[in-house]
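# Residue-level structural notes
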Amino acid sequence: MKQERWMRIIPVALIMYTISYIDRTNVALALDPKLSTLMQDLLMDDKMKGHIAGIFFLGYVLLQIPGGHFAHRWSAKKLVSLLLVLWGIFAVGCGLVTRFPEFNVQLALFKIDFRMTAFRDFELMRFMLGVAESGVFPATLVLLANWFPRNERARANAYWNLCQPLAVAGSAPITGWLIDGWGWQTMLVLEGALPFVWLPIWWHFISDHPREAPWISSEERKYLETTLQREAAELEPVKKTPLWQAFLQPVVFVMLPVYFLQNCAAYGCNTFLTSGFDSAGKTFSGVVKGILFAIPYAVAAIVMILNSWHSDKTRERRGHVALVYSVSGISLLASVWIKPYSFWLSYVFLCLAVPGPFAGLAPFWAIPAETLPRSVLGAVMGLVNAIGNVGGYVGPKIVGILKQETHSMTLPFSVLGVGLLVAAGLCFLLPRSQLQPPAPVSR
């Protein structure tokens, strides 16, 4: 049986989210004061650097639950199309800003104080970029759950989530080159316009369900409809439960801190990864710094594929998440403690530290798809992604504060490493799959 969906759905979703990841992370190189004038132009220090990198995730919380819900009830294809337009507008807006501190998000008071002029305020643009992108992740998870059965889901999630390390690995040298040649504003505008280029391709190639796709064979359509309906029936309770009760299930309370800690590490490292590149008397150009920045993410892409393949082969999820978190946590600690003695050995450990949060994504997100009813899956994944992604704000914020106070990356990266080890331990509180192995299908 042909499986055209692997070449039709996955590449289009991968490139779509690659663009999203570029637009949220290219600021890491733009915020390097030895590569870009952004911090000087906007009068920023390291605390502000951590804040501006992380404020994206305060906006990223807002549409996670509605995004998953509307993708399930309405259309993942249409929702992502709308969000492509919105995040393109705000990504371009990040390159048009002229000031930093006019837009204040006051978490302590749970209110937002708007004092800004549109498209001039960097905080506002980063915050709104997070809002615009916040529904894309849960919507795409719902889309993949409509196309890939349980025995394929970790690989499908991993191939799609390859966009995260590949976005950095592929774009960092280009981002560094653009900054070197044309400045941070031009770089942000050009890379911010990519969603508009990809929108018509997304609309043409993507269908919400196999039954809506004219290009799929009748044999494959029948196989998918039968298998997905059987798996949904296995997880659906006899009595319907309200959505709020689904949020109170034990799996949710374990997934939240695990995902929070892994995002602290992922984005804390990403924002401040270049901070050690100019140490020990070493100075690198923008392109070389971009390559050094990219290599750990290329390693992450390889580890993601291997970990997801083995997770699907063994039908085991928790241990595969815990293992990569543990390796990354230990490597991150080793990188900062070895750095005074050997820059390059420290860099090797950084290359082993970065992959964990990415390599754990596919088996991690396979867990709710294999333990929760389909009717609440999108909303629950949206909740976990929303609250967990607050770690994307907290991680860079903490690293920025600790770096400015200690004038070193040793303590901030050590905190992130310990957080990953804690997350690894919590993984064993996650449930095992409730789905039975798929019955043999004649193909």
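Residues numbered from 1 in each chain as written. Predicted model: local features only at pLDDT ≥ 70, side-chain atom pairs only at ≥ 80, totals over all residues. Heavy atoms only, no water.

## Here's the deal with the overall build of the chain
Summing up its helical and strand segments, the chain has 22 helices and two strands in all. Here the chain, with 443 residues, has 59% of them falling under the buried criterion. The long-range fraction of contacts in the chain, counting pairs at least 24 apart against all pairs at least 6 apart in sequence, stands at 82%. Of the roughly 17100 Å² of accessible surface on the chain, 68% is carried by carbon and sulfur atoms. (Helix = DSSP H or I, 4+ residues; strand = E, 2+ residues; numbered from the N terminus. Buried < 20%, exposed > 50% of the residue type's maximum accessible area, 1.4 Å probe, protein only. Contact = heavy atoms within 4.5 Å. Areas by Shrake-Rupley, 256 points an atom, 1.4 Å probe, with all protein chains shown as cover.)

## A short note on helix H1 (residues 5-25)
Helix length check: H1, at 21 residues, gives a terminal C-alpha distance of 29 Å against a target of 30 Å (1.5 Å per residue), a fit within 8%. For H1, the buried fraction is high: 17 of the 21 residues fall into the buried class. (Expected span 1.5 Å × (residues − 1).)

## Considerations on unusual backbone geometry
Notably, Leu43 is not glycine yet its phi reads approximately 55 degrees, a positive angle. Looking at the element boundaries, Leu43 is found in the loop between helix H3 (38-41) and helix H4 (46-60). Of the residues examined, Leu43 reaches a relative accessible area of 69% and is grouped as exposed. Positive phi outside glycine occurs at His407, with the angle close to 55 degrees. Along the chain, His407 turns up in the loop between helix H21 (391-406) and helix H22 (410-426). Its relative accessible area of 72% is what places His407 among the exposed residues.

## With respect to the side chain of Arg126
Among the secondary structure elements, Arg126 is positioned in helix H6 (residues 122-133). Although Arg126 lies buried, it forms no salt bridge, and the closest oppositely charged side chain, Glu133, sits 7.2 Å away as judged by the N-O distance. Contacts of Arg126, omitting those with residues within four sequence positions, involve Asp23, Arg24, Val27, Ile52, Ala53, Ile55, Phe56 and Cys94. (Lys, Arg positive; Asp, Glu negative; His and termini not counted. Salt bridge = Lys/Arg side-chain N within 4 Å of Asp/Glu carboxyl O.)

## As for empty space enclosed by the protein
The tally for this structure, following the rule as stated, stands at nine cavities of 30 Å³ or more. The computed volume of the second largest cavity comes to approximately 90 Å³. Lining the second largest cavity are 16 residues, with Gln164, Tyr259, Asn263, Tyr267 and Asn389 sitting closest to its centre. Those elements giving two or more residues to the lining of the second largest cavity turn out to be H1, helix H14 (250-272) and helix H18 (355-359). The element that contributes the greatest number of residues to the lining of the second largest cavity is H14, accounting for five residues. Its residues assigned to classes, the lining of the second largest cavity comprises ten nonpolar, five polar and one charged. (1 Å grid on protein atoms, 1.4 Å probe; cavity = no way out; pocket = protein on both sides within 12 Å on 5 of 7 lines; lining within 4 Å. Points joined across faces, edges and corners; volume = space filled by probe spheres on them. Nonpolar A, V, L, I, M, F, W, Y, C, P; charged D, E, K, R; others polar.)

## With respect to the packing of aromatic side chains
Inspection of every chain in the model, using the stated rule, returns 19 aromatic pairs. Each ring, one from Trp177 and one from Trp182, has its centre 5.1 Å from the other, and the planes form 80 degrees; the classification is edge-to-face. Ring pairing ties together the aromatic residues Tyr21, Phe56, Phe57, Tyr60, Tyr267, Phe293, Tyr297 and Phe358, which thus form one cluster. One residue, Lys77, lies across the ring of Trp203, its end atom 4.5 Å from the ring centre. (Phe/Tyr/Trp six-rings, centres within 6.5 Å; stacked < 30°, edge-to-face > 60°. Lys NZ or Arg CZ within 6 Å of the ring centre and 35° of its normal.)

## Some details on the packing of H1 against helix H7 (residues 136-145)
Running from N to C, H1 and H7 cross one another at 175 degrees; their axes reach a closest spacing of 12 Å. Taken together, the axes of H1 and H7 lie roughly antiparallel to each other. Contacts between H1 and H7 pair Ile9, Ile10, Ala13, Met16 and Tyr17 from the former with Val136, Phe137, Thr140, Leu143 and Leu144 from the latter. (Axes fitted to C-alpha atoms, helices over the stretch in contact; angles between N-to-C directions. Parallel < 35°, antiparallel > 145°, perpendicular 65-115°, else oblique.)

## Structural notes on H14
For H14, spanning 23 residues, the distance from its first C-alpha to its last is 34 Å, which sits close to the expected 33 Å at 1.5 Å a residue. A large share of H14 lies buried, amounting to 19 of its 23 residues.

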